[in-house]
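In case you want the letters, here they are:
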Amino acid sequence: MQAKSKSGRMFGLPTDQEEAEINAGIAEDPDTRELTDTEFRSLRPIGRPKSEVTKERITIRLSQEVVEKFRATGSGWQTRMDKALQEYLKTHKQSDIERL
């Protein structure tokens, strides 16, 4: 039997016989067992937690000098660039930005 993932990838599911063989192997192995539904629900997702404040992914062209200066500050340079732009917005009027 075939199944389709959220991304559209197709993959095969085990047959009933294969499933029985897998479960028999699990039962024979003293170091492993199937999780109960309660245990499975209590597992934490892997990966980075979702941020409450999300940022928009864009493509932008910047001068080489600006990018080099921010990159030279090390990891997190894009966040620092975002903070610098936020500070600029706090200290300048909309009309100043439009004139640039």
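The structure presented is a predicted model; accordingly, all values stated were derived computationally and were not measured. Every chain's residues receive numbers from 1 upward, in the order its sequence appears when written. Owing to the predicted nature of the model, reporting of local features is limited to residues with pLDDT of at least 70; listing and counting of side-chain atom pairs is limited to 80 or more, with chain, interface and lining totals taken over all residues. Excluded from the side-chain calculation are hydrogens and water; included are all heavy atoms of the structure.

1. A closer look at the overall build of the protein
Helix and strand counts for the protein come out as five helices and two strands. In the protein, the order of α-helices and β-strands from amino to carboxyl end is β-β-α-α-α-α-α. Values of the radius of gyration come from C-alpha atoms, whereas the globule rule sets the reference at 2.2 Å times the count of residues to the power 0.38. For a compact globule of 100 residues, the expected C-alpha radius of gyration is about 13 Å, and the protein comes in at 26 Å, more than 25% above that figure. Across the 100 residues that make up the protein, the buried fraction comes to 4%. Numbering goes from the N terminus for both helices and strands, where a helix is a DSSP run of H or I of at least four residues and a strand is a run of E of at least two. Burial classes follow relative accessibility: with a 1.4 Å probe on protein chains only, a residue under 20% of its type's maximum area counts as buried, one over 50% as exposed, and anything between as partly exposed.

2. Re the environment of glycine 12
Looking at the element boundaries, glycine 12 is found in strand E2 (residues 10-12). Residues glycine 12 and glutamine 2, ten residues apart in the sequence, show an inter-C-alpha distance of 4.5 Å. Contacts are assigned to residue pairs with any non-hydrogen atoms lying within 4.5 Å of each other. Ignoring anything within four residues of it in the chain, the contact list for glycine 12 reads Met1 and Gln2.

3. So, the packing of helix H3 (residues 64-71) against helix H4 (residues 77-91)
The interhelical angle for the contact between H3 and H4, taken along N-to-C directions, is 115°, at an axis separation of 8 Å. H3 and H4 meet at a crossing whose hand is right-handed. Contact residues: Val66, Val67, Phe70 and Arg71 in H3; Trp77, Arg80, Met81 and Ala84 in H4. Each residue belonging to the contact of H3 with H4 can be placed in one class, and the counts come to six nonpolar, no polar and two charged. Angular values range over 0 to 180 degrees, each being the angle between N-to-C directions of two axes fitted as lines to C-alpha atoms, with helices fitted over their stretch in contact. The sense of a crossing depends on the near helix, which, turned anticlockwise from the far helix by less than a right angle, makes the crossing left-handed and, turned clockwise, makes it right-handed. Charged residues are taken to be Asp, Glu, Lys and Arg, nonpolar residues to be Ala, Val, Leu, Ile, Met, Phe, Trp, Tyr, Cys and Pro, and polar residues to be all remaining types, Gly included.

4. With respect to the confidence of the model for the protein
Of the residues in the protein, 100% reach a pLDDT of 70 or more, and the chain-wide mean stands at 90. Confidence scores labelled pLDDT are given residue by residue by the predictor and lie between 0 and 100. Here helix H5 (residues 94-99) stands out as the least confident element of the protein, with mean pLDDT 80; H3 is the most confident, with 96.

5. Structural notes on a nonpolar patch on the surface
Side chains of Ile58, Ile60, Leu62 and Val66 sit close together on the surface and give an oily, nonpolar patch of about 350 Å² of accessible area. In this fold, leucine 62 is placed in the loop between helix H2 (37-41) and H3. A relative accessible area of 37% places leucine 62 in the partly exposed class. The patches described consist of residues with a relative accessible area above 30% and no salt bridge, like charges being joined within 9 Å and nonpolar side chains (Val, Leu, Ile, Met, Phe, Trp, Tyr) within 5 Å. For the area figures, the Shrake-Rupley method with a 1.4 Å probe applies, and any residue is considered shielded solely by the protein chains shown. For this analysis, a salt bridge means a side-chain nitrogen from Lys or Arg found within 4 Å of a carboxyl oxygen belonging to Asp or Glu.

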